[in-house]
Amino acid sequence: MPNIRGSRNYKASKKAQSRRDEYYKKRREKKRDQYNNQQKLLMRTRSTNLRNDNEATLLIENHRRRNNENLRHFREREGSEVRNRKRKIAKERWDRCVNEFETAIRQFHSHVCNCCGKMYRISQLKTLNKSNLRKRKITNHFLNKVFWVEKKDEAKFCFSCAKDIETLFRVPKMALSNGLDFPVVDDDIKKLNRIEERLLAPRHVFQTLWTVKGPSGQFKTKGGIVNVPVEVDNTVSSLPRPINDSSMVHVRLARKMEYVKDYMSGVVRTTLLYNAAKTFVQKPLAIEENITLSSDWHMDVNHHEQTNLEDDFYVQNAIYETLLVENENEYSFTGLVDKSLRIAPAEGFRPTSILFDDKCEYLAFPTVFGGYRMTPF
């Protein structure tokens, strides 16, 4: 018989619903009474602590005694074997949760897409095989463009790149093969530290950096960015010729020689810097900018006094990069302030706008781009 108003099924369902509502109502009232009793007991405990009420103290002690007896009887009925088994199950569940959490943390955006080079989770990547793609008449030239990070027969791709490769048969727009991958930097240039990179860079960029939230927050720039072109020949020729391959020179860089404060100071390995300069001037950007290196710069040996100290002493005491200090004599690298070489590579050159200098980034950071220009298309 259909469940319509006035029918037998309808009346039975309404009675069952009313019984369920009455059951849940009593259950809520019981929980509310238990909560109220707990709150009353808590208030009595607080009042007992404030005043010496023997009746309230006796009531609280009896309540605690009954709870302890109930717990003891429950443990006796349960038995030690059942209790130990429950503890073991709880410990195994806890260890499994901890392992899953640590695994999820380790795999958080730590896997690279083989085409675009972005970081993803392992669940956000899809595995593609070259042999399966060749069966769909995909050329090797296309596969070499998409299998870019690792030249393997099987690699992982993000869902966006995998869709373009499998379904649309096209190279994704954000693929590294479209000129978005960083060029390969020579070992001579890659070994340079920060101050050596500044001496080699044909562009010096001055900007003020701040942290957004505290000293460990994200960096931001404030104010204008000053881009000053310099000449590598003038910078490298300011350094003395090394006596041996292990000699080092402490160099202080200033915006102008008339300024008391230095914006960067550190140890320069002259042989390594000169070899990097010889390699850098042969790169396409250096040739395009007509950057040359004088071959007789090492003849001016006596123009600057050279410091002959052990390498370990330099490494332990050198200031590789420092903020502007109030007093020039407050260097932790003591004993070398008077003997160090102080130069201002950007002095005497007119700044140029970074909007019109399209090679600014490539020439300002030679250890990143290695004298090459990125040509995305």
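To be clear, the structure that these remarks concern was listed above.
Residues numbered from 1 in each chain as written. Predicted model: local features only at pLDDT ≥ 70, side-chain atom pairs only at ≥ 80, totals over all residues. Heavy atoms only, no water.

Trainee: Sorry, what's going on with the overall build of the chain here?
Mentor: Of the regular secondary structure elements, the chain holds 14 helices and nine strands. Of all 377 residues assigned to the chain, the portion counted as buried reaches 32%. Taking contacts inside the chain between residues at least 6 apart in sequence as the whole, the part at least 24 apart equals 67%. Split by element, the accessible area of the chain, about 26000 Å² in all, is 51% carbon and sulfur. (Helix = DSSP H or I, 4+ residues; strand = E, 2+ residues; numbered from the N terminus. Buried < 20%, exposed > 50% of the residue type's maximum accessible area, 1.4 Å probe, protein only. Contact = heavy atoms within 4.5 Å. Areas by Shrake-Rupley, 256 points an atom, 1.4 Å probe, with all protein chains shown as cover.)

Trainee: Help me out: how do you make sense of the layout of surface pockets in this one?
Mentor: If you add up the space inside the second largest pocket, you get close to 190 Å³. The wall of the second largest pocket is formed by Val-205, Gln-207, Ile-225, Ile-354, Asp-357, Asp-358, Cys-360, Glu-361 and Phe-365. The set of elements that each furnish at least two residues to the lining of the second largest pocket consists of strand E5 (203–211) and helix H13 (360–364). Each residue belonging to the lining of the second largest pocket can be placed in one class, and the counts come to five nonpolar, one polar and three charged. (1 Å grid on protein atoms, 1.4 Å probe; cavity = no way out; pocket = protein on both sides within 12 Å on 5 of 7 lines; lining within 4 Å. Points joined across faces, edges and corners; volume = space filled by probe spheres on them. Nonpolar A, V, L, I, M, F, W, Y, C, P; charged D, E, K, R; others polar.)

Trainee: Help me understand the sheet that holds strand E7 (residues 249–253), please; the structure alone is not making it clear to me.
Mentor: The strands making up a sheet associate through backbone hydrogen bonding, with each pair oriented either parallel or antiparallel. Strand order across the open sheet formed by three strands is E8-E7-E9, with mixed pairing between neighbours. Across the chains shown, the open sheet's two edge strands, defined by having one partner strand only, are strand E8 (264–268) and strand E9 (341–343). Looking at each pair of strands side by side, their axes are set apart by 25 degrees on average, direction ignored. Sheet topology note: the E7/E9 ladder contains three bridges and is parallel. Bridge pairing in E9 places Leu-253 opposite Ile-343. (Pairing = 2+ DSSP bridges. Axes fitted to C-alpha atoms, helices over the stretch in contact; angles between N-to-C directions.)

Trainee: Sorry if this is basic, but what is going on with a nonpolar patch on the surface here?
Mentor: Taken together, the side chains of Ile-225, Ile-354, Leu-355 and Phe-356 present a nonpolar region at the surface, about 470 Å² in accessible area. Looking at Phe-356, the relative accessible area reads 75%, which means it is exposed. (Patch = residues over 30% accessible without salt bridge, like charges linked within 9 Å, V, L, I, M, F, W, Y side chains within 5 Å. Salt bridge = Lys/Arg side-chain N within 4 Å of Asp/Glu carboxyl O.)

Trainee: Whenever I open this one, the packing of aromatic side chains confuses me. Can you help?
Mentor: Between two aromatic rings, the relevant description is the distance of the centres plus the angle of the planes. In the structure shown here, the tally under the stated rule is five aromatic pairs. Plain terms: the ring middles of Phe-182 and Phe-369 are 5.8 Å apart, the flat faces sit at 45 degrees to each other, and that makes the pair tilted. Linking Phe-182 in the loop between helix H6 (159–166) and helix H7 (187–190) with Phe-369 in helix H14 (residues 366–369), this pair joins segments that are 187 residues apart in sequence. Looking at Phe-182, the relative accessible area reads 49%, which means it is partly exposed. Both rings, one in Tyr-362 and one in Phe-369, keep their centres 5.0 Å apart while their planes meet at 85 degrees; by these two values the pair is edge-to-face. Here a set of aromatic residues connected by ring pairs shows up, and it is made of Phe-182, Tyr-362 and Phe-369. Across from the ring centre of Phe-147, 5.1 Å away, lies the NZ or CZ of Lys-130, which sits over that ring. Directly above the aromatic system of Trp-210 lies the positively charged group of Lys-222, at a separation of 4.8 Å from the ring centroid. (Phe/Tyr/Trp six-rings, centres within 6.5 Å; stacked < 30°, edge-to-face > 60°. Lys NZ or Arg CZ within 6 Å of the ring centre and 35° of its normal.)

Functional significance is not addressed by these values, which are geometric in nature.
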